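# Descriptive structure summary
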Amino acid sequence: MKKSIETHAARFDEIAGEYDDSQNDTEEYRACVSLVVEHADPRPDDVVADLGTGTGAIALALAGDAGEVVARDISDGMMERAREKADERGIENVDFAEGRFREPNVEAADVVVSNFAMHHLGDEEKREAIEAVADLGPRRFVLGDVMFFGEPDPDEPFYSPEVDDPSTVGHLADALTDAGFSLTAVERVHDQVGVLVAERADE
């Protein structure tokens, strides 16, 4: 992680009010949201954990199909906006609280999702985060994020090099496999953006 968790939290607190508009202007972000929601496919009695929930785009989209969604983030400002959106839509089965990838503050989950958040972690930290996800016992983990399918164009990065630390698809695939998952789908949205779907190998 190039900056501390506290620094990242403060940064997102500051931009919470404008975050949805800025992200929704990005075709790749909208595509990732759709793919993560589609692949999550929760059952009516499932507990879904959304890690790095931000302003709740994924959590709120899945709430109608899941039994409960536990949404975790490090930014109070982002989660406050997510709570407002839940209230506006009358959604009552989403629990927003502080949580980190490696300490998610979740007891267990049937499905885990994360979108555009894990790229703030370094490669080894991502591996630890994926191990923490595996410890929640989900049958499926859906990760949408900045990730490299080849050599990234340094003149056109899809990310902010000063704060972000994307991994290659290969590194993420290896970490998922080592944590007991089988990679069942790879969706390439952009040379530097994709969605990975992992199922428990023992399910």
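As the structure is a prediction and not an experimental result, all values here were calculated from the model.

## Observations concerning unusual backbone geometry
- One non-glycine residue, D41, adopts positive backbone phi at about 45°.
- Relative to the helices and strands, D41 is located in the loop between α2 (27-40) and β1 (47-51).
- Even without being glycine, N105 reaches a positive phi, approximately 60°.

## As for the pairing of strand β3 (residues 94-98)
- Across five bridges, the pairing between strand β2 (residues 68-73) and β3 is parallel. Of the residues in β3, the one forming a bridge with D73 is E98.

## Overview of helix α6 (residues 169-178)
- The set of residues buried in α6 consists of V169, H171, L172, A173, A175 and L176.
- Positive backbone phi, at 100°, marks G180, one or two positions downstream of α6.

## Re helix α4 (residues 76-89)
- For α4, with 14 residues, the first-to-last C-alpha span of 20 Å sits near the 20 Å given by 1.5 Å per residue.
- Looking only at α4, the buried set comprises M78, M79, A82, K85 and A86. With its buried residues spanning 115° around the axis, α4 presents them on a single face. Seen from the buried face of α4, the exposed residues on the opposite side, beyond 90 degrees, are D76, D87 and E88.
- Positioned one or two residues after α4, G90 has a phi angle of 70°, which is positive.

## Observations concerning the environment of A66
- Examined against the element boundaries, A66 turns out to sit in the loop between α3 (57-62) and β2.
- Residues within four places of A66 in sequence aside, it is in contact with P42, R43, P44, D46, V48 and N93.

## So, the packing of aromatic side chains
- Overall, the coordinates contain two aromatic pairs when judged by the stated rule.
- Between Y29 and F116, the ring centres sit 5.3 Å apart and the planes meet at 85°, which makes this aromatic pair edge-to-face. Residue Y29 is located in helix α2, and its partner F116 is located in the loop between β4 (111-115) and α5 (123-135); the two are separated by 87 residues in the primary sequence. The exposure classification of Y29 matches that of F116, with both residues buried.
- The interplanar angle of 45° and the centroid separation of 6.2 Å between the aromatic rings of F141 and F181 together place this pair among those described as tilted. Of this pair, F141 sits in strand β5 (residues 140-148) while F181 sits in strand β7 (residues 181-190); the two residues are 40 residues apart in sequence, bridging distant segments of the chain.
- According to the relative accessible area criterion, F181 is buried, its value standing at 2%.

## Some remarks on a negative patch on the surface
- A contiguous patch of negative charge, built from D123, E124, E131 and D135, is present on the exposed surface.
- By the element assignment, D135 lies in helix α5.

## Some details on the side chain of K85
- Tracing the backbone shows K85 in helix α4.
- From its side chain, K85 meets the backbone oxygen of T55 in a polar contact 2.9 Å long.

## Here we look at the nonpolar core
- Among the nonpolar cores identified, the biggest contains 32 residues, and V48, V69, V94, F96 and V113 are the most heavily contacted of them.
- Elements with a contribution of two residues or more to this core: α2, α3, β2, α4, β3, β4, β5 and β8 (193-200).
- The greatest single-element share of this core, amounting to six residues, is contributed by α2.
- With residues up to four places along the chain from it excluded, the contact list for V94 reads A59, L60, A63, V69 and A71.

Cut-off values and rules
Residues numbered from 1 in each chain as written. Predicted model: local features only at pLDDT ≥ 70, side-chain atom pairs only at ≥ 80, totals over all residues. Heavy atoms only, no water. Helix = DSSP H or I, 4+ residues; strand = E, 2+ residues; numbered from the N terminus. Pairing = 2+ DSSP bridges. Buried < 20%, exposed > 50% of the residue type's maximum accessible area, 1.4 Å probe, protein only. Expected span 1.5 Å × (residues − 1). Arc of directions from axis to C-beta. Contact = heavy atoms within 4.5 Å. Phe/Tyr/Trp six-rings, centres within 6.5 Å; stacked < 30°, edge-to-face > 60°. Patch = residues over 30% accessible without salt bridge, like charges linked within 9 Å, V, L, I, M, F, W, Y side chains within 5 Å. Areas by Shrake-Rupley, 256 points an atom, 1.4 Å probe, with all protein chains shown as cover. Salt bridge = Lys/Arg side-chain N within 4 Å of Asp/Glu carboxyl O. Lys, Arg positive; Asp, Glu negative; His and termini not counted. Charge placed at Lys NZ, Arg CZ, Asp CG, Glu CD. Polar contact = N/O pair within 3.5 Å; in protein donor to acceptor, adjacent residues only side chain to side chain. Core = buried A, V, L, I, M, F, W, Y, C linked by side-chain atoms within 4.5 Å.

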